[in-house]
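One-letter residues, chain by chain:
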Amino acid sequence: MRSCASVRMSPIARVVFALVIEPLRDGSAIAASSPTMRTADSSSISVNAGRPPRERTRGAAGRGRVGMGAAGRRRVRCRCGRTGMPPAGHHRPLDSRRLTTCPSGRSRGCGASPSACRRAHGSFPADGPLPTFEHPARAPCDGAPARRPRPALRPMSAPSAADPLRIADLPSRVGQTVTLSGWVSHLRSSGKIAFVVLRDGTGLLQCVLSRKEVPEEAWTAFGTLTLETSITVTGSVRADARQVGGVELGVSDLAVIGASPLDYPIQPKEHGVDFLLDNRHFWLRTPRQVAIMRIRHEVEQAIHDFFYERGFLRVDTPILTAAIGERSGLFSTEYFDEGNAYLAQTGQLYGEAAAAAFGKIYTFGPTFRAEKSKTRRHLTEFWMIEPEVAFNDTHANMRLQEDFVSFLVQRCVERRQAELKELERDVSRLEKVKAPFPRIDYTDAVATLQRKGSQVTWGEDLGAEDEALLVEDYETPIFICNYPKEAKAFYMKENPADPRTVLCDDMLAPEGYGEIIGGSQREDDHDKLLHRIREEGLPVEAYSWYLDLRKYGTFVHAGFGLGLERTVAWICGTPHIRECIAFPRMMHRLTP
RNA sequence: GGCCGCGUAGCUCAGCUGGUAGAGCAGGUGACUGUUAAUCACCGGGUCACAGGUUCGAGUCCUGUCGCGGUCGCCA
């Protein structure tokens, strides 16, 4: 496989490269330690399912606590010095109601009704035997030296005067009497004993009321409870091995804060995705959604930590812009006497200006695309992270990308075991995501695809099917680099080794999640850039300031854009990125 | 925008070659002192998206409209 073409540099550029870029490379190693042991039981979720799995809302305390960090099993130390979770025994059989495989090979059935599925494939998932999974073998120890251990995490919700007690704090309070508030997530009653499962955003807590032991008012208050009533409970924390968190609350008093009518839309049962999105403001309260949002939060924090530790400056670029950027659809709005303003499709061009001011920068903000895209990989409003580095060439750019993505994934593996388990993510797939990632030249990719039977010809952009064909041979993300000029944006630098192509890369995530990064070295030659702008039929005036960056002290530079929701969807194993943002904006969805 | 599919109870869905509507869950009432989507018994619940057409008769067949989903393209 041919590697990506190298850049031809002037003598001055070579000096700059040696003085500035090489030292940067050394500093860009990942600081995170990486557990190499396998984790507790998990099962894969097919992203190729014809229909996304139905959300099941689970209110019972028997399910995993959310927001507790890696809880439960003791971490062990390997002889190589790394720490991790001990390997589990066998996975439990998959519950037929939760994940089944239709004979067509698609998860959760072929998407057809049971009778139609039986007609088409001979049987329906519930007919077949339940699959069981052996736990994968322990990863071999490579004898690598121990990394510097990461400092211990502060508890997620350390109690303080300003912060009321939360469910996540209770394991350390066994034997104490506590008062805390939350929402009713589930109710059960057996005449003289009653169970209320309380939810407060940090976890679930089973509260037990014995008729003999609680005041009459509290027992009466229990009778009025409905799903999502907000309540305050007082009781004694006691250890109970049957609860996942290890504790339950023996209630001595209970008071209603705010009632919730009986027609609360989300019930502890299956719902369709469309219904759930109509009720997104309530759907967010459910354990699976809480887990996804906590992982998104972890990824966002990891992004800031990664760049902060490497001396990048965060630059917030404008959301209202003149028409500038990429070719795809724009949302427009009136802008005083200036005509139309457009919602930003990228902060990159501003990022390039900032890179000349600060050296290493990144942007983190919402991005708007008005294309009528209706796929599980697209949103009309999504969040993008766009680093831009002065004096980085395309190779340094890709090294930054693979270090960055490895850091984000390993950070989640390290700190979000509980959430990944709630999502039933196959963590062993994520553990393999470590730099370096394979680099495949576009021209080689086309040859490989043609060998695999694709109809693609040199010069075309690769389709989603082609990308899937390329990714199937790898367990880490891969780079496809140096696409034909015509397939890519005007600002990408011409490849000196093959002027038909540009110095760029797409990073494709494994497991069919597709493109999560698009990056390139930028055209730094004023005349070539001007020529490309004219060639694309773009208004030269609008780009005058952008051209100025090449006129006054032009510089080798490169950057990329990472799609936050696509990255989170891949890490979480969700079939659709709409679950990975609190309030998704799609072609047919503007509310809630 | 192209192609494919869906629209039946509050929710998730059955309803086969046309014969006037079904289940589970949710809700109501009752039973039950350890439940984990608790269980059991009984009860209420429908303009089959909308408009035409074919037919003795349409949830079912045909046409159109509307809404939605999947996929492709665009891209992150």
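Rules of the game
Residues numbered from 1 in each chain as written. Chains lettered and ligands numbered in written order. Predicted model: local features only at pLDDT ≥ 70, side-chain atom pairs only at ≥ 80, totals over all residues. Heavy atoms only, no water. Helix = DSSP H or I, 4+ residues; strand = E, 2+ residues; numbered from the N terminus. Buried < 20%, exposed > 50% of the residue type's maximum accessible area, 1.4 Å probe, protein only. Contact = heavy atoms within 4.5 Å. Areas by Shrake-Rupley, 256 points an atom, 1.4 Å probe, with all protein chains shown as cover. Arc of directions from axis to C-beta. Pairing = 2+ DSSP bridges. Axes fitted to C-alpha atoms, helices over the stretch in contact; angles between N-to-C directions. pLDDT = per-residue confidence, 0-100.

J.: I keep staring at the overall build of chain A and nothing clicks. Help me out?
T.: In terms of regular secondary structure, chain A is built from 15 helices and 20 strands. Within chain A, the fraction of its 592 residues that count as buried is 51%. Residue pairs at least 24 apart in sequence account for 70% of intrachain contacts in chain A once pairs closer than 6 positions are excluded. Carbon and sulfur atoms form 53% of the exposed surface of chain A, whose accessible area is close to 27,100 Å².

J.: So what exactly am I meant to see when it comes to helix α12 (residues 464–471) here?
T.: Working note: α-helix, 3.6 residues per turn, so residues spaced by three or four point in the same direction. The set of residues buried in α12 consists of Asp466, Glu467, Leu470 and Val471. Buried positions in α12, seen along its axis, are confined to an arc of 130° and lie on one side of it. For α12, the elements touching its buried residues are α11 (442–451), β17 (478–481), β18 (504–509) and β19 (514–521).

J.: Before we go on, may I ask you to explain helix α3 (residues 216–224) in this structure?
T.: If you check which residues of α3 are buried, you get Ala218, Trp219, Ala221 and Phe222. Taken around the axis of α3, the buried residues stretch over an arc of 155°, which confines them to a single face. With respect to the buried face of α3, the exposed residues turned more than 90 degrees away are Glu217, Gly223 and Thr224. Taken together, the buried residues of α3 touch β4 (177–189), β5 (193–199), β6 (204–210) and β8 (247–258).

J.: Even after reading the chapter, I still don't get the sheet that holds β5, so can you show me in this structure?
T.: Sheet strands associate in pairs through backbone hydrogen bonding, adopting either a parallel or an antiparallel arrangement. With respect to topology, 5 strands assemble into a closed barrel ordered β4-β5-β6-β8-β7, the strand pairing being mixed. For this sheet, the mean inter-axis angle between neighbouring strands, taken without regard to orientation, is 55°. With 2 bridges joining them, β6 and β8 adopt parallel strand pairing. Bridged to Val208 within β8 is Gly250.

J.: Would you explain the confidence of the model for chain A in this entry?
T.: Close inspection of predicted coordinates is inappropriate for parts of the model with low pLDDT. In the predicted model, chain A carries a mean pLDDT of 75, and the fraction of residues at 70 or more is 72%. This stretch, residues 1–159, has a pLDDT under 50; its non-local contacts, to residues over four places away or in other chains, come to 316 contacts. Here the predicted complex carries an ipTM of 0.84, next to a pTM of 0.75.

J.: How should I be thinking about the sheet that holds strand β12 (residues 332–334) in this particular structure?
T.: Taking strand neighbours across the sheet as the criterion, the 3 strands line up as β11-β13-β12 in an open arrangement whose pairing is antiparallel. Only two strands of the sheet have a single neighbouring strand rather than two, namely β11 (320–321) and β12. Two strands pair when backbone bridges link them, and β11 and strand β13 (residues 340–343) are joined in this way by 2 bridges, in the antiparallel orientation. Residue Thr321 lies in a different strand from β13, and its bridge partner there is Tyr342.

J.: Please explain the pairing of β8 as it appears in this structure.
T.: The side chains of a regular strand alternate, residue by residue, between the two faces of the sheet. The pairing of strand β7 (residues 230–239) with β8 spans 10 bridges and is antiparallel. Directly across from Ser236, in β8, lies its bridge partner Gly250.

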